[in-house]
Amino acid sequence: MAANTAVPSLSGAPRCALDFSTINHSGDAACSVNGCAGLGRGESGGPGVQFSRCYSKLCSLTPSDMESFKTELNLLFDQLISENYYSDYAGSYTIRAEDVCSLLVQASRLVKYNQEHLVIKFCQLTHHLLNRLQVIVDEPSFDRLVSYSTRALAACSPWTHAEILQALAALVYGNGPKCQKYLPDLLGRGGVLVRYSSPSQPDLELRRTAVHCLANLCLGLPGQPYLEESYRSVCFQTFLQILQAPRPPNVDDIVFCMLLQDALKGMQYYLNGAKGKLTAGEHLGTLLAVLKKYMFFGLWGINLEMPTILYPTPLPQYEGVPAAKEDSPRDVPNKKRKSRGRSKKAEPEAGHGEDDEEAQEAEVRQSPRKAGGGETHSHWSLGPTYAGRPSSVAQREAPPSLYPSWKRSSSDSEFSDPEGGMQSKLRLYQARVRQGALHCFLAAVKCVEKRVLYGYWSSFVPDAPSIGSPPALTLLTIALKDPSPKVRAGSLQVLSALLEGSRKFLSAAEDTGAPRQAFTPFSVTLAGSLRELHRGLVLALVAESSSQTLTQVIKCLAHLVCNVPYGRLRPGLLKTLWQQIGPYVSHRDVNVRVSSLTLLGAVVSAQAPLSEVRLLLQQPPGSGSASGALSGPSTPQEAQPQGGRSGPEKEAPSSCGRLPEGNSQSQCWLLQLCVSLVVQPREDPCSDSDAGAAAPGALEPSPVRLEALQDKSQLLCITVLLGLSYSENSPVKAAAVRALGVYVLFPCLREDVMFVADTANSILTSLEDRSPNVRAKAAWSLGNLTDTLIVNMASVGRDFQEEFSDMLLLKMLRSATSACLGDKDRVKSNAVRALGNLLHFLQPAHLSRSGFEGPMDEAVRALIDAVRSDATMKVRWNACYALGNAFRNPALPLGTAPWTADAYSALSQAVTCCRNFKVRIKSAAALSVPAERDRYGGAAQFGKLWRALARALECSNEAEDFLEYRYCAGLRTQLCRTLLHLMSLCQPDDLPAVAAPLAEESRPALHAYFAHYHLDEGNQGQPENDGVRESCQPQEKLGRLEEIVAHLRSFPEMSPHTREAQTQVVSFLEEVLRSCHESQAPSPLY
């Protein structure tokens, strides 16, 4: 198996290796320490040296029941546990993973099961070393140590089991699949982990450690298999049961929070390994219900009564009104409350969800501010205007009910220091529960199909402002009200994931028409939801003080802008956003500046009325608002708050992100800004990372047409992009190569052979980059570039084909094939598109050369493998499209090449077996592309194709997923077209195979589908983007069918068997014609 794996040390400091000899796992330990004599450097030794000394002593011991042995072994364990492996002094040495494994194996041989105090100490040592040094145990050591732990659970007293399970959890972390032989005892019926994690377990700490162990078993590492589905199901039910159960009575709050954290972490690990397996149903609704419950866990003033199951619905669900919790000694100190009208200084509030409690407390001391120096309000009360916010937005776009509660002070938190310490710690753990729920929700968003999740949209996204009433409990509520910046950022990440790729769903929103009185259509409700998202996120933008969370706010806004159908909404949303984003381009934090530029690119690229976008481009963002233009002093967060800190924070250097002075009307200010960012010399105030990271956002392509720029500006843009596409900074390189993929589609550039060649070389270089993101962008750009080649075939003709380099074309073919065969699906989906275009582009002169023959065959077989693979549906859809594209090239040896049978077999399998109907449609379309009979191969091959298509048409109503039914009509239309196309090319030898399905039980179904196809007058059944252009008028379809009948009747003398087949086929088609004519005949008048 694989060698030992050590996760990088948290300190990040390099260490020198200690060399231990390998332990013979089947016998006694033969140990020696090599090279340790000179490691002390004259000192008493750091953790690395201490580790080697203790290891040497362990190797010299033999198991015994004598007290002296127990004492010495106990002291050795204490020394190893007490060392600070995070210290700076420890950074001079490396304690290797194999050394840790060898020490633990040796220690397990020395501790007998009846020496229970030493068993506990050994388990503490195992947990301590594996967690502090972040070691994943190798397989031989793993078998020995897990075997020891499971036997200890059976042999030792129950009071030791919590410590044993803690060690077992550290051992199985990332090693779940290696536990196969131990899983029946751990997770089988009556297994130890099943027993200890059940609700009947009275010891909550023991139950927590068992759940922690289950969570670590569910963790999957890249490239490794997950647990078997039966055991994963046991873990899922356990986690869900814990999250659904009420809080047990008389249980310590912090221990209960830790139990919830472990259950949520385990559920997250489960979902990470359940891509596409969690479908709509009771489990999904139940899971989302508990996640929503714990997203608000521990927030003061919220007592959420959630249903046990959330059901998908386009309407808002009724939920309990948030009510203030009753005062209790645990929640509120027994002190007299201050008057709400007093202006007291805010007390420090801890529990902001950071890993370092001291850092959190320091942060919380700074973040609560007196909002305007006026009256103090409770969490759900109306909030005053934030001093740094523009007054126009405060009045128009920010109703006070959603004002972030974490921005206001509260006199309710005035408790004594001991009480404050406990309350601070409890709030910290409660925040971690909320953070865990959001991480789990994010994993659910990634493993569940978006179209299923959108049924729960109203449960997590508000649809109207809550003016005069408590706000709906949604992700936006968390982003505005949670006191923890990490929790706020987590909610924004989930919201971004929901918005990503939601354009088709959100396209149903519309509020441009007159308001209806009787009922509210779904389109209006969805439009209200989008307006509320804009309003709430702008509020979060101007109120957020954490740079990391502010970055997430802006990224979420960018995802929103990219997917909202602004053309169907009342104008003004983009203008408000444009006015607020300006100052953030010059924010002190580089990530905020990058995300701001990305948002600007999204606004310019938005599918909005062009007049609004054009108007916005004429003025810098921020102009006309109280926050000032780009050259203004600071962002709202950097402005001096009333009653807050004494002075503004440090601004970003003037050269980073400032709008150039004196911009002329002849050039777009945004283009000037982007060019200034990428060509300006680096100055000392700007680090390399700052200058490099500013470029990706600046280079987001926009529909500012290149043709509108002057020649010098065009040349500048092209030169900058080509240069940056070779950058060593991966984000810069990815953004540059993506921008080139947009530029190559512009008419003014796509016919320039030199530009296309330069772009191709740049893309091919990026396609070999080690960054998956760079390769994905390069593959997308390569697909666009090859689209340009196909367009130029028609618009420019042979001149372009002859001028384009053959060697470059061959290199593109090989690179695309390599990406298609061995890269990730996100790269492969565009690589197959590029292959289809390249195979279509190849000319007879290319194919006649021996250098092209091999790469051409490999490219076709790569497409065949992609169609047959278990890759994502996007890859398979593109692969089917690519094969159909390649079939359009008459120079391709389709029909005679050895791969012909494999290509048709792969498409036949896809058209009959693929559960995704869009893939079936595209494979059927590809089978209808060849225009000559000999390109389909022999009669046997032709017969296989016909039978597969007939069977696919007969079974076109049988869908595994009910969501595929919307594509049934389009699938039947394409299948009928393809079958008719094959009939039009049919030869006498093909007739027996064609007649066979028509003489069987499938004849009535095929007859009905053919008749419906020929009578269909509209475009309802038209497959989208199928590449087949024919009239949908019934008369023209019937005329085409009559031509096919005449073609089949025209065959000369045939054998009796063939003649019988001809009769059956012609009879079938004549019945279809007769049925259609009868249906079109006018009804008699009486």
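Residues numbered from 1 in each chain as written. Predicted model: local features only at pLDDT ≥ 70, side-chain atom pairs only at ≥ 80, totals over all residues. Heavy atoms only, no water.

As recorded in an unreviewed UniProt entry, the protein goes by the name HEAT repeat-containing protein 6, listed as coming from Scleropages formosus.

Novice: Explanation requested: unusual backbone geometry in the structure shown.
Specialist: Leaving glycine aside, a negative phi is the common case for residues, and trans is the common case for peptide bonds. A positive phi angle, close to 50 degrees, is found at Gln134, a residue other than glycine. Positionally, Gln134 belongs in the loop between α4 (116-132) and β6 (135-136). The backbone of Asn250 sits at a positive phi, close to 55 degrees, despite the residue not being glycine. Assignment of secondary structure puts Asn250 in the loop between α10 (229-244) and α11 (253-272). (Helix = DSSP H or I, 4+ residues; strand = E, 2+ residues; numbered from the N terminus.)

Novice: Would you mind going over helix α23 (residues 573-581) with me for this structure?
Specialist: What sets the pattern is the α-helix's 3.6 residues per turn: residues three or four places apart point alike. With respect to burial, α23 is a largely interior element, eight of its nine residues being buried. Within α23 the residues assigned to the buried category are Leu573, Leu574, Thr576, Leu577, Trp578, Gln579, Gln580 and Ile581. (Buried < 20%, exposed > 50% of the residue type's maximum accessible area, 1.4 Å probe, protein only.)

Novice: Help me understand the environment of Phe142, please; the structure alone is not making it clear to me.
Specialist: Mapped onto the elements of the fold, Phe142 is located in helix α5 (residues 139-155). Along the chain, Phe142 and Lys178 lie 36 residues apart, while their C-alpha atoms are 8.2 Å from each other. Setting aside residues up to four positions removed in sequence, Phe142 forms contacts with Val137, Leu171, Val172, Asn175, Lys178 and Cys179. (Contact = heavy atoms within 4.5 Å.)

Novice: Got a minute to help me understand the nonpolar core in this structure?
Specialist: Buried together is how nonpolar side chains tend to be arranged in soluble globular proteins. Formed by 310 residues in total, the largest nonpolar core has its most connected members in Leu187, Leu193, Met267, Phe441 and Met812. Those residues in contact with Leu193 that lie beyond four places of it in its chain are Leu165, Leu186, Leu187, Ala210, Cys213, Leu214 and Leu217. (Core = buried A, V, L, I, M, F, W, Y, C linked by side-chain atoms within 4.5 Å.)

Novice: Can you walk me through the pattern of salt bridges in this structure?
Specialist: Where charged atoms from two side chains of opposite charge approach closely, those side chains can pair. Scanning the model with the defined rule gives 25 salt bridges in all. The salt bridge involving Glu1043 is made with Arg1040; its shortest N-O contact spans 3.3 Å. Taken together, the positions of Glu1043 and Arg1040, both in helix α45 (residues 1034-1049) and three residues apart, correspond to about one turn of that helix. Members of the salt-bridge network, linked through shared partners, are Arg96, Glu98 and Asp99. (Salt bridge = Lys/Arg side-chain N within 4 Å of Asp/Glu carboxyl O.)

Novice: Please clarify how helix α44 (residues 1003-1015) should be interpreted in this entry.
Specialist: Its 13 residues place the ends of α44 18 Å apart at the C-alpha level, agreeing with the 18 Å of an ideal helix rising 1.5 Å per residue. Of the positions making up α44, those classed as buried are Arg1003, Leu1006, His1007, Tyr1009, Phe1010, Ala1011, Tyr1013 and His1014. Buried residues along α44 sit against α41 (939-954), α42 (968-985), α43 (991-998), α45 and α46 (1056-1080). (Expected span 1.5 Å × (residues − 1).)

Novice: Looking at this model, I keep getting lost on the side chain of Ser149. Mind explaining?
Specialist: Tracing the chain through its elements places Ser149 in helix α5. Judged by its relative accessible area of 4%, Ser149 is buried. For Ser149, the contacting residues outside a window of four places in its chain are Ile164, Leu168 and Leu171.

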